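# A structural walkthrough
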Amino acid sequence: MDINYELYKVFYFVARTLSFSEASKELYISQSAVSQSIKTLEKKLNQHLFIRSTKKVQLTPEGNMLFKHIEPAINLIMRGENHLMETHTLNGGQLRIGASDTICRYLLVPFLNEFHKKYPNVHIKVTNSTSIECVSLLENGSVDFIVTNFPNRRLQDNTKTIMLKEFYDVFIGGSKYLKLKDSLLTLAELQKYPLLMLDKNSTTSEYLHNLFQQYGLDLIPEIEISSNDLLIDLAKIGLGIAFIPDYCLPPESNELFTIKVKEDVPKRHIGLSYSDQIPLSQAAKAFIDLIKG
């Protein structure tokens, strides 16, 4: 089927913004030209791609299916264009990183600061998502690389990884559970207390559930949320015992303490992963060299 690439490009921007007017602004063409392009594409495909309304549009099931294929293709083309423009210079272009809020705050911020000072003309775009969801960003070409917790079941063999940091996960409690401070608990004993942890879409949640299952225990958390910092706050006010990476624990905190467990809690790692099938931009290479030290 012979369909002009520009029609798919217009479709991509409308599907991403769910707005003809927003798409026209990003494409620097008129709204009527956007509308006509979509009509032409629908006619050629013999499918309705959008449900129209006065302000926003919605993808039809057929449109959503097409978008899942078009999005990585358009991102790949844009990435190729950026790569060509940035091949010999760091005076412009974009650095695109995928990482969780926690990794950004506790690991990446100083490196981002240093990189920005060194290459002020490179635009930095950080997309926050869980380590598991970041893999999807890498697969569809939305980011140059991701910084993720390991192990990460979603990563495929077509990625290269540089290990940056090792860490341990710890159980922490506040003053309400002060009696446990000098105790050595089994996981079964710890299970009797309300446990606070990250939600099921995180590698940390998978890790903790697997740890309990290794000892024949079913983990039923009291609270599941998406922020380690909020877990710390909830532990402080006595809502339960939180499970967090050790590097998130506030230094010299008088309000919190770690709870020792009898079973071995293996260390994990933070690593930087990128596709081995797509060349890295100069900006991505420069940041990787910076973070590797």
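See the structure shown above.
Residues numbered from 1 in each chain as written. Predicted model: local features only at pLDDT ≥ 70, side-chain atom pairs only at ≥ 80, totals over all residues. Heavy atoms only, no water.

Two numbers describe how helix α2 (residues 20–27) lies on helix α3 (residues 31–45): the axes approach to 8 Å, and their chain directions differ by 110°. Classified by the angle their axes make, α2 and α3 are roughly perpendicular. Mapping the contact onto sequence places Phe-20, Ser-21, Ala-23 and Ser-24 in α2 and Gln-31, Val-34, Ser-35 and Ile-38 in α3. Grouping the amino acids of the contact of α2 with α3 by side-chain chemistry returns four nonpolar, four polar and no charged. (Axes fitted to C-alpha atoms, helices over the stretch in contact; angles between N-to-C directions. Helix = DSSP H or I, 4+ residues; strand = E, 2+ residues; numbered from the N terminus. Parallel < 35°, antiparallel > 145°, perpendicular 65-115°, else oblique. Contact = heavy atoms within 4.5 Å. Nonpolar A, V, L, I, M, F, W, Y, C, P; charged D, E, K, R; others polar.)

Running from N to C, helix α1 (residues 5–17) and α3 point in directions that differ by 115°, and their axes come no closer than 9 Å. Our classification of the angle between α1 and α3 gives roughly perpendicular. When the axes of α1 and α3 are compared, the crossing they make is left-handed. Touching Leu-7, Tyr-8, Val-10, Phe-11 and Val-14 of α1 are Val-34, Ser-37, Ile-38, Thr-40, Leu-41, Lys-44 and Leu-45, all from α3. (Left-handed = near helix turned anticlockwise from the far one by under 90°.)

Attention now moves to the pairing of strand β13 (residues 268–275). For β13, the buried fraction is high: seven of the eight residues fall into the buried class. Looking at chain direction, strand β5 (residues 145–150) and β13 are connected through five bridges and run antiparallel. What sits directly across from Ile-146, in β13, is Ser-273. (Buried < 20%, exposed > 50% of the residue type's maximum accessible area, 1.4 Å probe, protein only. Pairing = 2+ DSSP bridges.)

Let us now look at the packing of aromatic side chains. Evaluation of the coordinates by the stated rule reveals 12 aromatic pairs. Judged by centre distance (5.1 Å) and plane angle (80°), the rings of Tyr-12 and Phe-13 are edge-to-face. What makes Tyr-12 buried here is its relative accessible area of 5%. Relative to Phe-243, the ring of Phe-171 has its centre 4.8 Å away and its plane inclined at 50°; by these criteria the two rings are tilted. Taken together, the positions of Phe-171 in strand β7 (residues 169–173) and Phe-243 in strand β11 (residues 241–245) put the pair 72 residues apart, joining distant regions of the chain. On the basis of relative accessibility, which here comes to 1%, the residue Phe-243 falls in the buried class. By the ring-pair criterion, three or more aromatic residues cluster together here, those being Phe-115, Tyr-119, Phe-145 and Phe-287. (Phe/Tyr/Trp six-rings, centres within 6.5 Å; stacked < 30°, edge-to-face > 60°.)

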